[in-house]
Amino acid sequence: MTTADTQRLDRLKTALSAIEPYLKDGTFAEAPAALADEYADAILDAPATYWVEVERLEPGTGFALLGWAQDRSDRRDYPEFFAMLAELGRIRDEQGEEAAAASGHAELCVKMMSAAPPRYWDEAETILAEALPTATHVTEDGQPVYSAQQLADKLRVTIEDVEAGIQRLEDMGLLDCRHTGPVHPVQ
């Protein structure tokens, strides 16, 4: 173990000692924010080998702590994202799933994703990949491009709806996606 690893584990031990008195029913809900933040940061900073050993000794414990710490850190560092996520949840609860997915809330969704923590992008890209048509062309640097007709066909809407949606998002400054350079067929 390196000196740096020892220091990181000492930080974790100190943070745990400070927050431990606030542990109730398996949570730190009543802990002061500064203590909870330091504990989360110390968890995320601890060596990966430590968490492997914790998992070996108490399966699920290390993953649960890492998940809590990541969520705590994300909520602190990306408050706008979580505020917009809560707003979308409120819309869904009050008006239903279809209302939350309606085009009238597209701006909220795009703003929310632009404010998202990086780890949410992988999931968003997976969901988006399912919603996009199969790419038939790519840009010079290999990025897929889609025609408005391909998008309309995949989304089962009119080409006018796709073009209007793109224009609306561009007008709001939320999207700049029109490719005007050369494209190449996918091989």
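Treat the numbers as computed from the prediction; the structure is a model and nothing was measured.

A. Focus on the overall build of the chain. The number of helices and strands found in the chain is 10 helices and 3 strands. For the chain, the α and β elements follow one another from N to C terminus as α-α-α-α-α-α-α-α-β-β-α-α-β. Computed over its C-alpha atoms, the radius of gyration of the chain comes to 22 Å, more than 25% above the 16 Å expected for a compact globule of 187 residues. Taken across its 187 residues, the chain has 27% of its residues classed as buried. Taking contacts inside the chain between residues at least 6 apart in sequence as the whole, the part at least 24 apart equals 52%. Counting only carbon and sulfur atoms, one obtains 55% of the accessible surface of the chain, whose full area is about 12,300 Å². With 16 positive and 35 negative side-chain charges, the chain shows a spacing of 4 Å between the two charge centroids.

B. Inspection of the sheet that holds strand β3 (residues 184-185) at higher detail. Judged by pairing direction, the sheet is antiparallel, and its 3 strands sit side by side in the order β2-β1-β3 without closing on themselves. The outermost strands of the open sheet, each flanked by one partner alone, are β2 (144-145) and β3. Across 2 bridges, the pairing between strand β1 (residues 137-138) and β2 is antiparallel. By the bridge assignment, His137 is partnered in β2 with Val145.

C. Molecular detail of the nonpolar core. Among the nonpolar cores identified, the biggest contains 15 residues, and Leu12, Ile19, Phe28, Tyr39, Ile43, Ala46 and Trp51 are the most heavily contacted of them. Secondary structure elements with two or more residues in this core: α1 (3-19), α2 (33-45) and α3 (48-57). Take this core: its biggest share by element is 5 residues, from α2.

D. Structural detail: helix α4 (residues 61-77). Between its first and last C-alpha atoms α4 spans 24 Å; for 17 residues at 1.5 Å apiece the expected length is 24 Å, and the two agree. By the burial criterion, the buried members of α4 are Gly62, Ala69, Ser73 and Asp74. Looking down the long axis of α4, one finds its buried residues gathered within 130° of arc, a one-sided arrangement. Its buried side turned inward, α4 meets α2, α3, α5 (79-95) and α8 (118-131).

E. Broad picture of the packing of aromatic side chains. Within this structure, the stated rule accounts for 7 aromatic pairs. Ring geometry for Tyr39 and Trp68: centres 5.6 Å apart, planes at 45°, overall tilted. Remark: Trp68 occurs in helix α4 and Tyr39 occurs in helix α2; sequence separation between them is 29 residues. Owing to a relative accessible area of 4%, Tyr39 belongs among the buried residues under this scheme. On the basis of relative accessible area, Trp68 is assigned to the partly exposed category, the value being 27%.

F. Representation of the packing of α1 against α2 in the model. Where α1 meets α2, the closest approach of the two axes is 9 Å, and the angle between their N-to-C directions is 150°. As the angle between them shows, α1 and α2 are arranged roughly antiparallel. For the crossing formed where α1 meets α2, the hand is left-handed. Mapping the contact onto sequence places Arg8, Arg11, Leu12, Ala15, Leu16, Ala18 and Ile19 in α1 and Leu35, Ala36, Glu38, Tyr39, Asp41, Ala42, Ile43 and Asp45 in α2. When its residues are assigned to classes, the contact of α1 with α2 shows 10 nonpolar, no polar and 5 charged.

G. A look at the side chain of Thr139. Along the chain, the position of Thr139 falls in the loop between β1 and β2. Classification of Thr139 by relative accessible area gives buried; the value is 9%. A polar atom in the side chain of Thr139 sits 2.3 Å from the side chain of Asp141. Ignoring anything within four residues of it in the chain, the contact list for Thr139 reads Val145, His179, Pro182 and His184.

Parameters at a glance
- Residues numbered from 1 in each chain as written.
- Predicted model: local features only at pLDDT ≥ 70, side-chain atom pairs only at ≥ 80, totals over all residues.
- Heavy atoms only, no water.
- Helix = DSSP H or I, 4+ residues; strand = E, 2+ residues; numbered from the N terminus.
- Rg over C-alpha atoms; globule rule 2.2 N^0.38 Å.
- Buried < 20%, exposed > 50% of the residue type's maximum accessible area, 1.4 Å probe, protein only.
- Contact = heavy atoms within 4.5 Å.
- Areas by Shrake-Rupley, 256 points an atom, 1.4 Å probe, with all protein chains shown as cover.
- Lys, Arg positive; Asp, Glu negative; His and termini not counted.
- Charge placed at Lys NZ, Arg CZ, Asp CG, Glu CD.
- Pairing = 2+ DSSP bridges.
- Core = buried A, V, L, I, M, F, W, Y, C linked by side-chain atoms within 4.5 Å.
- Expected span 1.5 Å × (residues − 1).
- Arc of directions from axis to C-beta.
- Phe/Tyr/Trp six-rings, centres within 6.5 Å; stacked < 30°, edge-to-face > 60°.
- Axes fitted to C-alpha atoms, helices over the stretch in contact; angles between N-to-C directions.
- Parallel < 35°, antiparallel > 145°, perpendicular 65-115°, else oblique.
- Left-handed = near helix turned anticlockwise from the far one by under 90°.
- Nonpolar A, V, L, I, M, F, W, Y, C, P; charged D, E, K, R; others polar.
- Polar contact = N/O pair within 3.5 Å; in protein donor to acceptor, adjacent residues only side chain to side chain.

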